[in-house]
Amino acid sequence: MLSAVLLPALGASAPPDSALVSAAPQPGFLDSLNQALHGVSAAQSQATTAEAGFAAGVPGATLAKALVANDHAAVAWNATVAVRNELVGAYQSIMNMQF
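What you see is a predicted model; the values in this text were computed from it and never measured.

*Asks:* How would you explain the overall build of the protein if you had to name every residue and give the values?
*Replies:* Each helix and strand in the protein was counted, giving 4 helices and 0 strands. Its helices and strands taken in sequence order, the protein reads α-α-α-α from the N to the C terminus. Looking at the 99 residues of the protein, the share that counts as buried comes to 9%. Of the contacts formed within the protein by residues at least 6 apart in sequence, a portion of 34% connects residues at least 24 apart.

Put into C-alpha cells, the structure is as follows:
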C-alpha cells in the first residue's frame, strides 16, 4: 500500500490496485487474539499431558519431553501476559489524554 503512494511520487509506475488487495480476507484483531489464546491453552494442555505421562511411566514419555513442553507453555503464557500489559498500558495512555 505504501508503494502505491510512494512510487507515483517518485515517477515509477505503481502496481495495479488488484495487487494490493489479497483474495482472502485477513483475520481481525479479535480473531487473532482468540487464536493466540487457544494456542496458549493448547500448549498448557500438552505440557500437562506430557508431565502426567512421564509421571505415569507411559512408554515414550521422557522427562526431557515434559520439560520442553512445560517451558513452551511458560514462554507462551509469559508472551500473552506481556502483550496484555502492553495493551493495558496503551489503553491507559489513551484514557489519560486530554482533549
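*Asks:* Please give an account of helix H3 (residues 29-56) that cites residues and values.
*Replies:* Given a rise of 1.5 Å per residue, 28 residues ought to cover 40 Å, and the 40 Å separating the end C-alpha atoms of H3 matches this to within 8%. Within H3, burial applies to Val40, Ala43, Ala47, Ala50 and Gly53. Its buried side turned inward, H3 meets helix H4 (63-95). Taken from the residues just after H3, Gly57 is the one with a positive phi, measuring 80°.

*Asks:* Please set out H4 residue by residue, giving values where relevant.
*Replies:* Along its 33 residues, H4 runs 48 Å from first to last C-alpha, staying within 8% of the 48 Å computed at 1.5 Å per residue. Taken residue by residue, H4 has Ala66, Ala69, Ala73 and Ala76 as its buried positions. Buried residues in H4 make contact with H3.

*Asks:* Run through the nonpolar core, naming residues and quoting values.
*Replies:* A general trend in soluble globular proteins is that nonpolar side chains are found buried together. One finds Ala43, Ala47, Ala50, Ala66, Ala69 and Ala73 forming the largest nonpolar core, which totals 6 residues. Those elements that place two or more of their residues in this core are H3 and H4. If sequence neighbours within four positions are ignored, Ala66 has contacts with Ala50, Glu51 and Phe54.

*Asks:* Please set out the packing of H3 against H4 residue by residue, giving values where relevant.
*Replies:* Relative to each other, H3 and H4 sit at 155°, their axes nearing to 8 Å. Accordingly, the angle class assigned to the pair H3 and H4 is roughly antiparallel. Seen from above, H3 lies across H4 with left-handed handedness. The residues of H4 that touch H3, namely those facing Phe29, Leu37, Val40, Ala43, Gln44, Gln46, Ala47, Ala50, Glu51 and Phe54, are Leu63, Lys65, Ala66, Ala69, Asn70, His72, Ala73, Ala76, Trp77, Thr80 and Leu87.

*Asks:* Quick rundown of the environment of Ala36? Include the residues and the values.
*Replies:* Along the chain, Ala36 turns up in helix H3. Taking relative accessible area as the criterion, Ala36 reaches 43% and is therefore assigned partly exposed. Residues Ala36 and Thr80, 44 residues apart in the sequence, show an inter-C-alpha distance of 8.1 Å.

Parameters and conventions
- Residues numbered from 1 in each chain as written.
- Predicted model: local features only at pLDDT ≥ 70, side-chain atom pairs only at ≥ 80, totals over all residues.
- Heavy atoms only, no water.
- Helix = DSSP H or I, 4+ residues; strand = E, 2+ residues; numbered from the N terminus.
- Buried < 20%, exposed > 50% of the residue type's maximum accessible area, 1.4 Å probe, protein only.
- Contact = heavy atoms within 4.5 Å.
- Expected span 1.5 Å × (residues − 1).
- Core = buried A, V, L, I, M, F, W, Y, C linked by side-chain atoms within 4.5 Å.
- Axes fitted to C-alpha atoms, helices over the stretch in contact; angles between N-to-C directions.
- Parallel < 35°, antiparallel > 145°, perpendicular 65-115°, else oblique.
- Left-handed = near helix turned anticlockwise from the far one by under 90°.

Keep in mind these values describe shape, not function.
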